[in-house]
Amino acid sequence: MAGGGCTGAIETAAEILIDVHLRDGALATIADDVREGLGGTPKELPPKYFYDERGSQLFEQITRLPEYYPTRAEQQILDRVAAEIVSAAGPSELVELGPGSARKTHALLDPILQLSQGATYVPVDVSESAIRELADRLSDHYEGIRIHGVVGDFERDLERLRANGDRRLVAFLGGTLGNFDQRQRLAFLRRTRRMLGPDDRLLIGTDLVKDRKRLEAAYNDSDGVTAEFNRNVLRVVNANLDGDLDPARFDHVAFYDERRRRIEMRLRAHEAHSARIEGLGMDVVFEHGEEIRTEISCKFTRPALEREYAAASLDLIGWYSDDENLFALSLTRPT
Ligand code: SAH
Ligand code: AVI
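Criteria and thresholds
Residues numbered from 1 in each chain as written. Chains lettered and ligands numbered in written order. Predicted model: local features only at pLDDT ≥ 70, side-chain atom pairs only at ≥ 80, totals over all residues. Heavy atoms only, no water. Helix = DSSP H or I, 4+ residues; strand = E, 2+ residues; numbered from the N terminus. Rg over C-alpha atoms; globule rule 2.2 N^0.38 Å. Buried < 20%, exposed > 50% of the residue type's maximum accessible area, 1.4 Å probe, protein only. Contact = heavy atoms within 4.5 Å. Areas by Shrake-Rupley, 256 points an atom, 1.4 Å probe, with all protein chains shown as cover. Lys, Arg positive; Asp, Glu negative; His and termini not counted. Charge placed at Lys NZ, Arg CZ, Asp CG, Glu CD. Near = heavy atom within 4 Å. Polar contact = N/O pair within 3.5 Å; in protein donor to acceptor, adjacent residues only side chain to side chain. Nonpolar A, V, L, I, M, F, W, Y, C, P; charged D, E, K, R; others polar. Domains from an automatic or database assignment. Buried area = accessible area lost by both parts, 1.4 Å probe. Salt bridge = Lys/Arg side-chain N within 4 Å of Asp/Glu carboxyl O. Core = buried A, V, L, I, M, F, W, Y, C linked by side-chain atoms within 4.5 Å. Phe/Tyr/Trp six-rings, centres within 6.5 Å; stacked < 30°, edge-to-face > 60°. Lys NZ or Arg CZ within 6 Å of the ring centre and 35° of its normal.

Visitor: Help me out: how do you make sense of the overall build of the protein chain in this one?
Guide: Within the protein chain one finds 9 helices and 15 strands. Relative to the 2.2 N^0.38 estimate, which gives 20 Å for 335 residues, the radius of gyration of the protein chain is 20 Å and therefore close to what a compact globule would have. Judged by the C-alpha coordinates and their principal axes, the protein chain covers about 60 × 45 × 35 Å. Per-residue burial over the protein chain gives 56% buried out of 335 residues. Relative to all contacts within the protein chain whose residues are 6 or more apart in sequence, the contacts with residues 24 or more apart total 71%. Taken as a whole, the protein chain presents about 14,200 Å² of accessible surface, with 45% of it coming from carbon and sulfur. Measuring between centres, the 44 positive side-chain charges of the protein chain sit 5 Å from its 58 negative side-chain charges.

Now the structure itself:
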């Protein structure tokens with residue numbers, strides 16, 4: 001995301017189109033989000049700012065950590081049920097919100113392209129490097145695929161996705177729904193619901209409630225990759241708003257809040273200091289031990305999700321879990 005350009009469309013090859021909506025998308029909100037988030041108490045920053053090129057690479061490393069089970073669990077489910085879901089839904093377009101590297105997406109694209117040669121894949125991600133890399137890889141891998149990448153914010157830019165009359169499968173994998181709080185989830189689900197025609201389907205991956213030990217290990221890996229990912233949000237703020245926030249002055253903190261069923265990730269200042277954010281004309285003072293909340297990662301149960309889907313006029317029509325019941329895929333359709 002850092003260093004991204006203005007709105008525009010770049011034809012990179014006959015079958016790849018990449019739209020870039022940054023200045024009026026994700027980056028349009030960074031000044032307001034940082035002013036509000038670091039100006040208020042308690043301090044907080046939205047998780048979408050983790051993902052510049054370095055942040056996207058760090059997340060990719062997280063997915064391969066022994067402690068971080070969600071990616072492997074979701075891959076296992078997809079390998080088992082993706083073909084069945086695709087054959088029932090019959091999509092000729094796959095829209096994926098926040099695909100990252102889109103490694104797991106192969107499980108959906110393989111059967112979609114078998115069904116419909118020339119199907120369209122529409123990945124929407126704030127990370128420009130992620131969109132460009134996946135577009136290169138997938139266009140090499142799948143002959144005939146049409147890729148319409150969108151570099152933008154799935155909280156703001158969904159209305160821009162042109163409906164083309166094709167039957168759509170919309171995928172939101174990885175547990176990213178859990179990075180919203182309940183109010184944001186409802187707003188997001190309702191907005192996504194509005195993209196769906198009667199025959200379209202929405203497939204959502206969510207992490208499930210489980211024991212604290214397993215959860216906390218996943219967000220406190222022994223190699224410190226998650227800690228670096230967490231600190232990366234400070235680098236993104238610095239790069240975009242000419243700041244001098246010092247990542248080395250913050251400890252990584254991640255714990256499970258059992259009552260709220262969510263992991264909270266924070267950065268804790270281990271000494272009192274202040275930072276300057278020139279782009280906002282703002283000095284930020286940190287007390288010793290003061291924290292910035294950088295992410296929540298909510299964990300779910302089937303009944304809780306079913307209620308949330310219903311509130312967004314979505315019917316749960318399929319529920320798929322892995323062998324250990326760690327993670328689930330929900331298949332929904334508009335009511
Ligand atoms: N779906 C992938 C990646 C999950 S990481 C997987 O399951 O492994 C979350 C992804 O969502 C990242 O690629 C990040 O860049 C993207 N993302 C986060 N917030 C976003 C937003 N508001 N709009 C668009 N993309 C966003
Ligand atoms: C993208 N999202 C679902 C990840 C999660 O588990 O909440 C982001 C992450 N944060 C720390 N590790 C991984």
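Visitor: Where do I start with the site of ligand 1 in this structure?
Guide: Taken together, 16 residues form the shell around ligand 1, and within it Gly98, Lys104, Asp125, Asp153 and Phe154 come nearest. The contact in question runs from an oxygen atom of ligand 1 to an N or O atom on the side chain of Asp125, over 2.5 Å. In the environment of ligand 1, an oxygen atom lies 3.4 Å from a nitrogen or oxygen atom belonging to the backbone of Gly174. Protein coverage of the free-state accessible area of ligand 1, which is 560 Å², stands at 94%. Considered class by class, the residues forming the shell around ligand 1 number 6 nonpolar, 6 polar and 4 charged. The two domains that each donate at least three residues to the shell around ligand 1 are domain 1 (13-21 + 69-207 + 300-334) and domain 2 (28-65 + 212-298).

Visitor: Can you help me understand the domain arrangement of the protein chain in this one?
Guide: With domains assigned, the protein chain is organised as domain 1 (13-21 + 69-207 + 300-334) and domain 2 (28-65 + 212-298). Taken together, the contact between domain 1 and domain 2 spans 22 residues of the former and 21 residues of the latter. Between domain 1 and domain 2, roughly 1,700 Å² of surface is buried when both sides are summed, and carbon and sulfur atoms account for 46% of that area. The partner of Arg103 in a salt bridge is Glu60, and the shortest N-O contact between them spans 3.8 Å.

Visitor: Just to check I follow, could you spell out the nonpolar core for this structure?
Guide: Side chains that are nonpolar tend, in soluble globular proteins, to be buried together. Judged by nonpolar contacts, the single largest core of 72 residues is most densely connected at Val34, Leu38, Leu108, Tyr121, Leu203 and Ile277. Summarising the domain contributions, this core has at least three residues from each of domain 1 (13-21 + 69-207 + 300-334) and domain 2 (28-65 + 212-298). The residues touching Leu38, leaving out its near neighbours within four places in the chain, are Asp33, Lys43, Glu44, Leu45, Leu245, Ile277, Met282, Val284 and Ile292. Residues Leu97, Val124, Met195 and Cys298 belong to the second largest nonpolar core, which totals 26 residues.

Visitor: Please clarify how the side chain of Asp322 should be interpreted in this entry.
Guide: As for its position among the elements, Asp322 is in the loop between strand 14 (314-321) and strand 15 (327-334). Buried charge Asp322 goes without a salt bridge, the closest partner of opposite sign being Arg80 at 7.3 Å. A distance of 2.8 Å separates the side chain of Asp322 from the backbone nitrogen of Phe327, its partner in a polar contact. For Asp322, the contacting residues outside a window of four places in its chain are Ala73, Gln76, Ile77, Arg80 and Phe327.

Visitor: Explain the site of ligand 2 here, please?
Guide: The full set close to ligand 2 counts 14 residues, and Tyr68, Asn179, Tyr219, Glu295 and Ser297 are the nearest of them. Tyr68 is positioned with one of its side-chain polar atoms (N or O) 2.6 Å from an oxygen atom of ligand 2. A distance of 2.6 Å separates a nitrogen atom of ligand 2 from a polar atom in the side chain of Glu295. The protein chains hide 97% of the 340 Å² of surface that ligand 2 would expose on its own. Mapped by element, the contributors of at least two residues to the shell around ligand 2 are helix 2 (53-63), helix 8 (225-241) and strand 13 (291-298). Both domains that furnish three or more residues to the shell around ligand 2 are identified here as domain 1 (13-21 + 69-207 + 300-334) and domain 2 (28-65 + 212-298).

Visitor: Help me understand the packing of aromatic side chains, please; the structure alone is not making it clear to me.
Guide: Think of a pair of aromatic rings as described by two things: how far the centres are apart, and how the planes are tilted against each other in angle. On inspection of all chains with the given rule, the structure shows 13 aromatic pairs. Between Phe59 and Tyr68 the ring centres are 6.3 Å apart and the planes differ by 85°, which places this aromatic pair in the edge-to-face class. We classify Phe59 as partly exposed; its relative accessible area is 25%. Ring geometry for Phe59 against Phe229: centres 6.2 Å apart, planes inclined by 50°, an arrangement best described as tilted. Taken together, the positions of Phe59 in helix 2 and Phe229 in helix 8 put the pair 170 residues apart, joining distant regions of the chain. Over the ring of Phe286 we find Lys43; its NZ or CZ atom is 5.3 Å from the centre of that ring.

Visitor: I keep staring at helix 2 and nothing clicks. Help me out?
Guide: Each α-helix winds once per 3.6 residues, and so residues spaced three or four apart point in a common direction. Turning to helix 2, its buried residues number three or more, namely Gly55, Ser56, Leu58, Glu60, Ile62 and Thr63. Lining the buried residues of helix 2 we find helix 3 (70-89), helix 5 (128-141) and helix 8. Its side-chain oxygen at 3.3 Å from the backbone nitrogen of Arg54, Asp52 defines the N-terminal cap of helix 2.

Visitor: Would you take a moment to explain the pattern of salt bridges for this structure?
Guide: Two side chains carrying opposite charge are able to pair once their charged atoms lie near each other. Summed over all chains, the structure comprises 29 salt bridges. With a shortest N-O distance of 2.7 Å, Glu290 and Lys43 are connected by a salt bridge. Separated by 247 residues along the polypeptide, Glu290 in the loop between strand 12 (282-286) and strand 13 and Lys43 in strand 3 (residues 43-44) bring together distant segments of the chain. According to the relative accessible area criterion, Glu290 is buried, its value standing at 17%. One salt bridge in this structure joins Lys299 and Asp207, with 2.8 Å as the shortest N-O distance. In this pair, Lys299 is assigned in the loop between strand 13 and helix 9 (302-311) and Asp207 in strand 8 (residues 201-207), connecting sequence segments 92 residues apart. No difference in accessibility class separates Lys299 from Asp207, as the two residues are buried. Among the ionic contacts, a cluster of salt bridges with common partners joins Glu44, Arg262, Glu264, Arg266, Arg268, Glu291 and Arg293.

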